[in-house]
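Coordinate inspection notes
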Amino acid sequence: MPYKHGRPVIDLSFWFRKATAWTFYMTIPIAMLINFMQHSTRYKHRWRIYGIRRAITVSNHTTFFDPVKIAWLPLPRLIYQTLMEATVEFPVLGTFTRLLGGVPIPRGKTSYRKIAEICGRAFKYRRYLHFYPEGECFLYNQKIREFQSGAFRLAADLDIPVIPMVTVFSEGLFKPWSALGRSLPVETLVILDPVHPAEFVKRDEKGEITTESIREFAEAVRQKMQAEIDRRGGSSAFYRGRMDRIQGLNDDKTVAKTLKSD
């Protein structure tokens, strides 16, 4: 069933969950093969996600195929991944995206509440909910931008860890775009140690989590991820700026028009 604004962001019905699994296992191996052919994708410290029953995962957003790479990580388990609501509202493609585990971030002030209220049930079926807290895809970027705080507030409210993972790019053996050099980087997805909200979260006199402590939490995770890129010598030689959105689907004009009609 097509998604429409105002509906639950995750369909937990039996038949939708079965269709999701079938679609996922048929599609992701093909998409991952394409990604591997482009970027020779490798994983480091994959074991760090093992044994964790529930977690928010976060990563820098650097390529169109990031959702594929992230989806491949916990196999045979499945993972939820957040994306713009405008994407899943698009006919056919939107439903297909949801079948692959896409969770729309709703527009408006109730966005956080709509995700938070269903996560308790959703984690019964999948262990991880993934966010790209930069909010945009910056192609082959190795300087992580400021994080939005929603993923970290959700982790704090649910008292579950955040597992950071970071894509690090390398140039290969030869100078990029030379006769033998690469036109696309080699990528390594590094999984870092879980970070627990209790290390950062503070509460006010009413017992509510303070906004400032959530921001500190998010910034600490961002800095940890950036330090890993720097330690591994991540290359910015391939950087291309913000990835263009798809015209008529999730471009700025389409999103603005949708917001106006709500």
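Described below are features of the structure shown in this document. Residue indices begin from 1 for each chain and proceed along its sequence in written order. With the structure being a predicted model, the display of local features is reserved for residues of pLDDT at least 70 and the display and counting of side-chain atom pairs for 80 or more, all residues being used for whole-chain, interface and lining totals. Water and hydrogen atoms play no part in the side-chain values, which are based on all heavy atoms of the structure.

Topic: a nonpolar patch on the surface
A contiguous nonpolar surface patch, about 240 Å² in accessible area, is contributed by Phe 90, Leu 93 and Phe 96. With respect to the helices, strands and loops of the structure, Phe 90 is situated in the loop between helix H3 (85–89) and helix H4 (93–99). Residue exposure (1.4 Å probe, protein chains only): buried if accessible area is under 20% of the type maximum, exposed if over 50%, otherwise partly exposed. Residue Phe 90 is classed as partly exposed on the basis of its relative accessible area, which comes to 36%. Two distance rules govern patches: like charges are joined within 9 Å, and nonpolar side chains (Val, Leu, Ile, Met, Phe, Trp, Tyr) within 5 Å, applied only to residues with over 30% relative accessible area and no salt bridge. What sets the accessible areas is the Shrake-Rupley method with a 1.4 Å probe; for residues, cover comes only from the shown protein chains. Any carboxyl oxygen of Asp or Glu that lies within 4 Å of a side-chain nitrogen of Lys or Arg is treated as forming a salt bridge with it. Segments assigned H or I by DSSP are reported as helices when at least four residues long, segments assigned E as strands when at least two residues long, and all are numbered from the N terminus.

Observations concerning the pairing of strand E5 (residues 128–131)
Side-chain alternation along E5 places Tyr 128 and His 130 on one buried face and Leu 129 and Phe 131 on a second face that is also buried. Strand pairing is defined by DSSP finding a minimum of two bridges between the two strands. Strand direction decides the pairing type here: strand E2 (residues 55–59) and E5, joined by four bridges, are parallel. Residue pairing across strands places Ile 56 opposite Leu 129, the latter belonging to E5. Pairing of strand E3 (residues 79–84) with E5 involves three bridges; the strand directions are parallel. If you follow Gln 81 over to E5, its bridge partner there is His 130.

What about the nonpolar core?
In plain words, nonpolar cores are sets of buried Ala, Val, Leu, Ile, Met, Phe, Trp, Tyr and Cys residues tied together by side-chain atoms within 4.5 Å. Formed by 39 residues in total, the largest nonpolar core has its most connected members in Ile 56, Val 58, Leu 129 and Phe 152. Breaking this core down by element, the ones donating at least two residues are E2, E3, helix H5 (111–122), E5, helix H6 (150–158), strand E7 (162–170) and helix H7 (211–231). Whether two residues touch is decided by their heavy atoms; if any such pair falls within 4.5 Å, the residues are in contact. Excluding residues that lie within four positions of it along the chain, Val 58 makes contacts with His 130, Phe 131, Pro 133, Ala 151, Phe 152, Val 162, Ile 163, Pro 164, Met 165, Val 221 and Met 225. Counting residues in each nonpolar core, the second largest holds 21 residues, with Ala 55, Ile 79, Tyr 128 and Tyr 132 among its members.

Description of H7
In a helix, the anticipated span is given by 1.5 Å times the number of residues less one. With 21 residues, H7 extends 30 Å between its outermost C-alpha atoms, agreeing within 8% with the 30 Å of an ideal straight helix rising 1.5 Å per residue. Of the positions making up H7, those classed as buried are Ser 213, Ile 214, Phe 217, Ala 218, Val 221, Arg 222, Met 225, Gln 226, Glu 228 and Ile 229. Next to the buried residues of H7 lie E2, H6, E7 and strand E8 (186–191). At the exit of H7 stands Gly 233, carrying a positive phi of roughly 70°.

Observations concerning the sheet that holds strand E4 (residues 102–105)
The strand order E1-E8-E7-E2-E5-E3-E4 describes an open sheet built from seven strands, whose pairing is mixed. Both edges of this open sheet fall to strand E1 (42–44) and E4, since each of them pairs with a single strand only. Pairwise comparison of adjacent strand axes, ignoring direction, gives a mean angle of 25° for this sheet. As judged from the three bridges shared by E1 and E8, these two strands associate in the parallel manner. Across the sheet, the residue bridging to Tyr 43 is Leu 189, located in E8. Strand contacts of H7: E2, E7 and E8, with the helix running at about 30° to E7, the strand carrying the most contacts. Between N-to-C directions, angles cover 0 to 180 degrees, with each direction set by a line fitted to C-alpha atoms, over the stretch in contact for helices.

A few points about the packing of H6 against H7
In the contact formed by H6 and H7, the axes pass within 9 Å of each other and the chain directions differ by 115°. Taken together, H6 and H7 sit at an angle that is classed as roughly perpendicular. Here H6 runs over H7; the crossing is right-handed. Together, Phe 152, Arg 153, Ala 155 and Ala 156 of H6 and Thr 211, Ile 214, Phe 217, Ala 218 and Val 221 of H7 make up the contact between the two elements. Under the scheme applied, nonpolar residues are Ala, Val, Leu, Ile, Met, Phe, Trp, Tyr, Cys and Pro; charged residues are Asp, Glu, Lys and Arg; polar residues are all the others, including Gly. In terms of residue class, the contact of H6 with H7 is made up of seven nonpolar, one polar and one charged. Roughly parallel refers to an angle under 35 degrees, roughly antiparallel to one over 145, roughly perpendicular to one between 65 and 115, and oblique to any angle outside these ranges. Note: crossing handedness is left-handed where the near helix turns anticlockwise from the far helix by less than a right angle, and right-handed where it turns clockwise.

Notes on the pairing of E7
On any regular strand, side chains alternate: one points to one face of the sheet, the next to the other face. The buried count for E7 comes to eight of nine residues, which makes it a mostly enclosed element. The pairing of E7 with E8 spans six bridges and is antiparallel. When the sheet's bridge partners are listed, Phe 169 is paired in E8 with Glu 187.

Regarding the pattern of salt bridges
One pass over the structure, following the stated rule, counts nine salt bridges. The shortest N-O distance in the salt bridge between Asp 66 and Lys 69 comes to 2.9 Å. Here Asp 66 and its partner Lys 69 are both found in helix H2 (residues 66–72), three residues apart, which amounts to about one turn of the helix. Both residues of the pair, Asp 66 and Lys 69, count as buried.

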